[in-house]
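Each chain is listed here by its residues.
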Amino acid sequence: MKKVFAKRKYIEWKASSSKKSLRKKDYREYKRKLYKKGINAFQKWENYEPIPAPEDFRFINNPEECLDFFVKIRDKKNHYYSNGNYFVGLELKKIKHIDYTSVSVLKALLLDFKPQKILVQGNSPDDLNCAAFLKISGFYDGLLSLKNKVINEKGNSDRIMFTKGAGKLSDDEDFAVIQTLKKIRKHLTNQDAHCPQLRTIILEIFGNSIEHSESYNKQWMFGVKYEESKVIITLIDTGKGILKTLYRRLGRQFTDFVAKNSAEVLEGAFNKKYESKTLDKNRNKGLPVIKLRHTEGYIKNLVVITNNVVLNFADSKKSQYFSSGSGFDGTIFTIELDKSCFKCQ
Amino acid sequence: MSVTKQLSILKEFSEYPKLRYSNLSENSAEDFYHKFLNDYFAEAFQTNVKLEVNIDYTAGYTSSFLDEAFGNLVFDFGLENVQKRLTIISTDEPYWLTMIHNETFPEWEKRRLENKTPKKTVSHSPWYRIVNNNLEKKVWINV
């Protein structure tokens, strides 16, 4: 039978259907606002101000301001929403000094945003040396330019290289690390051989990142900077950080957290102090092994940055503890290698 | 007990041993224990010979790999049997011998006596354990 849409029942049906559709639209808008304000508190584009990087963007020289910058980047209140996408804006113009550790951490944070579909937009430092350093490091690769175009600049992998991994440590990821370690040895000593002591350190750190850090997708990043007579390695995870993990595992029964500052607690973890106090007794052997390798000379200038502590094993005077705030959620290891590190390997 | 059975991690298992559990990495300590070490040690026990495990010539270890592999051996066979029948060769990195003998062995023996079950992250085919001085083979821990 032919439908006559001019009939009353069809007119009513059409009106009710369009109302439903309107209601759905309203509901979607309502949910979007709720998501923006209530859950994540993302900012609106119109009110947005990019996060300024410190002028002295050298982690080792100016850790407090650098940590503050990194904390701000991860804080969702400092992200904005526009055209269905979430963004974070970086103001890098005023950077006058930069170091490899800062670039590594920034890169690790930005890699962390990728699977969360948060886009990163930023400008370049006015200082030509800093801009060139960022370019060589491949830092801009995959970021958005101010004209909203994805930048494709791979950097110079012979000088600076970043490898990332997530989830279960696969053979391919491990192979990439082993090849890099061999390349480091070749670069410093011209020998083509394994570096078992160095691999131990790298795997101990990866193991902690994968098993305990609670980072998004169990991610880690491994960065290498080749210089003429030395190599700098950074290992970064953006999880909870050693101190928060330790605290969670040991619980409030552990009085050291009240009695001592965080730097002393972290030092204790590297000195086997909490080995027998954890809930799982056969644990906490990894950090003492890393310290031992440093003492034995297999690695140099070991610096560990986690939560609100900078622990410098080569120069304890440079170790720092920031009493304000919870600091950087995650762990950063920086290691230096030179020819002498391979004498006994 | 002069006759010795040999197990080389490089030759039998992998040049690239990785982390503690199978859910954390491939070539894990959990894999190594269940695919090689448990069987080799049980065979050495049955035939009344010593087992010599060579951990040299690989790309390097984590402390957790060695702790899990040799710790489980103590848990299943008891410290006395392991000390009597196991020799570990580690010329490249003697530190591992110190760690295994001074930390892993006593800690896992304590764990065995307290009957604190080790963690398994994947299912394994039946493996050996000494119960009342007899060797028994079954799936002792279900995932």
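Described in the following lines is the structure provided in the data block. (Residues numbered from 1 in each chain as written. Chains lettered and ligands numbered in written order. Predicted model: local features only at pLDDT ≥ 70, side-chain atom pairs only at ≥ 80, totals over all residues. Heavy atoms only, no water.)

All names here are of chain A. Within the open sheet, the seven strands sit side by side as 8-9-10-14-11-12-13. Their pairing is antiparallel. Two strands close off the open sheet at either side, each with one partner strand: strand 8 (160-165) and strand 13 (320-321). In this structure, strand 11 (residues 300-307) lies alongside strand 14 (residues 328-338), joined through six bridges in antiparallel fashion. Looking across to strand 14, one finds that V304 is bridged to F333. Contacts from helix 5 (residues 171-189) reach strand 8, strand 9 (220-226), strand 10 (230-237) and strand 14, with the element oriented near 20 degrees to strand 9. In this fold helix 9 (residues 262-270) packs onto strand 11, strand 12 (309-312), strand 13 and strand 14, with an angle of close to 50 degrees to the strand it touches most, strand 12. (Pairing = 2+ DSSP bridges. Helix = DSSP H or I, 4+ residues; strand = E, 2+ residues; numbered from the N terminus. Contact = heavy atoms within 4.5 Å. Axes fitted to C-alpha atoms, helices over the stretch in contact; angles between N-to-C directions.)

Okay, the interface of chain A and chain B next. Opposite the 28 residues of chain A that make contact, chain B presents 34 residues. With both chains or domains summed, chain A and chain B bury close to 2600 Å², and 49% of this area falls on carbon and sulfur atoms. Connecting chain A to chain B are five salt bridges. In this structure, the salt-bridge partner of A:D174 is B:K18, at a minimum N-O distance of 3.7 Å. (Buried area = accessible area lost by both parts, 1.4 Å probe. Salt bridge = Lys/Arg side-chain N within 4 Å of Asp/Glu carboxyl O.)

Right, let's talk about the pairing of strand 5 (residues 85-91) of chain A for a bit. Residues and elements named next belong to chain A. The element strand 5 is largely enclosed, with a buried count of five among its seven residues. As judged from the two bridges shared by strand 2 (residues 51-52) and strand 5, these two strands associate in the parallel manner. Counterpart to P52 in the pairing with strand 5 is E91. Where strand 4 (residues 80-82) lies against strand 5, three bridges are found, and the strand directions are antiparallel. Counted as the bridge partner of S82 is N85 from strand 5. Taking the residues that link successive antiparallel strands as the turn, the strand 4-strand 5 hairpin has two residues, and the phi of N83 there is positive, at about 50 degrees. Taken together, the five bridges between strand 5 and strand 7 (residues 118-122) define a ladder with parallel strand orientation. (Buried < 20%, exposed > 50% of the residue type's maximum accessible area, 1.4 Å probe, protein only.)

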